[in-house]
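Results of the structural survey
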Amino acid sequence: MSPPIDQLPAIRLKELQSRMLSWKQPAYRAKQIIEWRNKGVLDPQAMRNLPTPLQDRLRVEIDCQPLTLTKRMLSADGTRKYVFSLCSGKMLETVFIPEAGRGTVCVSSQVGCVLDCAFCHTGTQGFEANLTSGEIIAQILAVKQDLRESSGNGSDNCVVTHVVYMGMGEPLANEQGVHNSLDMLLARDGLGISQRRITVSTSGLVPAMQRFGEKFPVNLAVSLHAANNRLRDELVPINRKYPLEALRKCLDDYPLDRQRHITLEYVMLDGVNDRDEDMEALASFVRPARERVNLIHFNPFPGTHFQGSSKEHMDAFAAGLIQLGIRATVRKSRGQDIMAACGQLKAETQAA
Ligand code: SF4
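Residues numbered from 1 in each chain as written. Predicted model: local features only at pLDDT ≥ 70, side-chain atom pairs only at ≥ 80, totals over all residues. Heavy atoms only, no water.

**Observations regarding the site of the ligand**
All residues adjacent to the ligand are Cys113, Leu115, Asp116, Cys117, Cys120, Thr122, Gly123 and Gly169. Taken together, the residues that form the shell around the ligand break down as 4 nonpolar, 3 polar and 1 charged. (Near = heavy atom within 4 Å. Nonpolar A, V, L, I, M, F, W, Y, C, P; charged D, E, K, R; others polar.)

And the structure:
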């Protein structure tokens, strides 16, 4: 088997410099390539200050564009959804959410997901593949490129300021791809995004959370969705392996400096987890000094039997939590009209 070819989105400056040396090219060519790459330009032909023979060699010896954009959708609220294909033909989705003064890319870490959370469209797809760090970073670069082209066309003027790992897949079930992509996001020769602007979400893979917390001081979000084991076993089946007691202990021990907090995500399902007793169980699970609750609107998808709680009920539930001393907010749902909202992603090829 031939060794895996390097992917340009994940390649570090030093590696590229030694590659240039071995190709008898001056080392500054590596810097030029990295500058193009970090702007989102991955096609060697578009790297205008490179000589044509170097552009050709790059294309042959390095996997410059591991993702192919197959579809792009624009929501009425400005959210963009991108469908990409891998060279294997597998498909994945990425979302860009513009807000006043910030732009967030929501990346996928896997194609499909093995965890099968009851309220999630991706879970119905099953697991297909872990994404490499190059394929994760390529999603962000493709969004950057698209935004630049759009602003050149005189439409909006958004930029990528934040990255969340909340797309398809359980990030901590793909430690290699996610850890390496975070190294690249945080690195100076990488995308240089501040650790405070990156959030990784997990459904509660306790041992992987411990390893993650020791390594990356980025924001952590935990998909809680129920604060009693019986209900969480149903909604988030990984709870059967790592029940709330184990999750609680892991969260208590999680390294966190004083200015930071952990977000507990709670999708609100009508009559399922939005009753008074659910609120009380949630309030007693949360450690207010370290954690805050983010209530999420349930976004329906074909075949689901759940219904979301009403907006009024979500607001009342948040107010009830606040009265109990918990910091709670209701997250605005974005991109629902293009199936880009939380829990709605599923490879377009399998949309039914
Ligand atoms: S919510 Fe996340 S972990 Fe659960 S099935 Fe969906 S993608 Fe996987």
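Having seen the model, we can carry on.
**Topic: the nonpolar core**
The nonpolar side chains of a soluble globular protein tend to be buried, and buried together. Ranked by size, the top nonpolar core spans 100 residues in total, and within it Phe119, Tyr165, Leu185 and Leu321 carry the most contacts. When residues in this core are grouped by element, the largest group, 7 residues, is from helix α4 (residues 133-152). Both domains that meet at this core, namely domain 1 (8-61) and domain 2 (68-350), each give it at least three residues. Apart from the residues lying within four places of it in its own chain, the contact partners of tyrosine 165 are Val107, Ile136, Pro171, Val178, Ser181, Leu182, Leu185, Ile198, Thr199, Val200 and Ser201. (Core = buried A, V, L, I, M, F, W, Y, C linked by side-chain atoms within 4.5 Å. Buried < 20%, exposed > 50% of the residue type's maximum accessible area, 1.4 Å probe, protein only. Helix = DSSP H or I, 4+ residues; strand = E, 2+ residues; numbered from the N terminus. Domains from an automatic or database assignment. Contact = heavy atoms within 4.5 Å.)

**As for the side chain of threonine 263**
When you line up the elements, threonine 263 lands in strand β10 (residues 262-268). Residue classification places threonine 263 among the buried positions, given a relative accessible area of 16%. Here threonine 263 is in contact with Leu220, Ala221, Val222, Arg292 and Asn294, once residues within four sequence places are set aside.

**As for unusual backbone geometry**
The phi torsion at lysine 24 lies on the positive side, around 60°, for a residue other than glycine. Here lysine 24 lies in the loop between α1 (13-22) and α2 (28-39). For lysine 24, a relative accessible area of 75% corresponds to the exposed category. The phi dihedral of histidine 225 is positive, around 70°, even though this residue is not glycine. With respect to the helices and strands, histidine 225 occurs in the loop between β9 (219-223) and α7 (229-235). Look at histidine 225 and you get buried, because its relative accessible area is 3%.

**As for the pairing of β9**
Counting buried residues along β9, 5 of its 5 residues qualify, which places the element largely inside the surrounding structure. Neither face of β9 is left uncovered, since the one carrying Asn219, Ala221 and Ser223 and the one carrying Leu220 and Val222 both have all their residues buried. Where strand β8 (residues 198-202) lies against β9, 4 bridges are found, and the strand directions are parallel. Within β9, the residue paired with valine 200 across the bridge is leucine 220. Read as a crossover between parallel neighbours, the route from β8 over helix α6 (residues 206-215) to β9 is right-handed. Pairing of β9 with β10, which is carried by 3 bridges, proceeds in the parallel orientation. Bridging across to β10, serine 223 finds its partner in glutamate 265. (Pairing = 2+ DSSP bridges. Right-handed = clockwise from strand over helix to strand, strands pointing away.)

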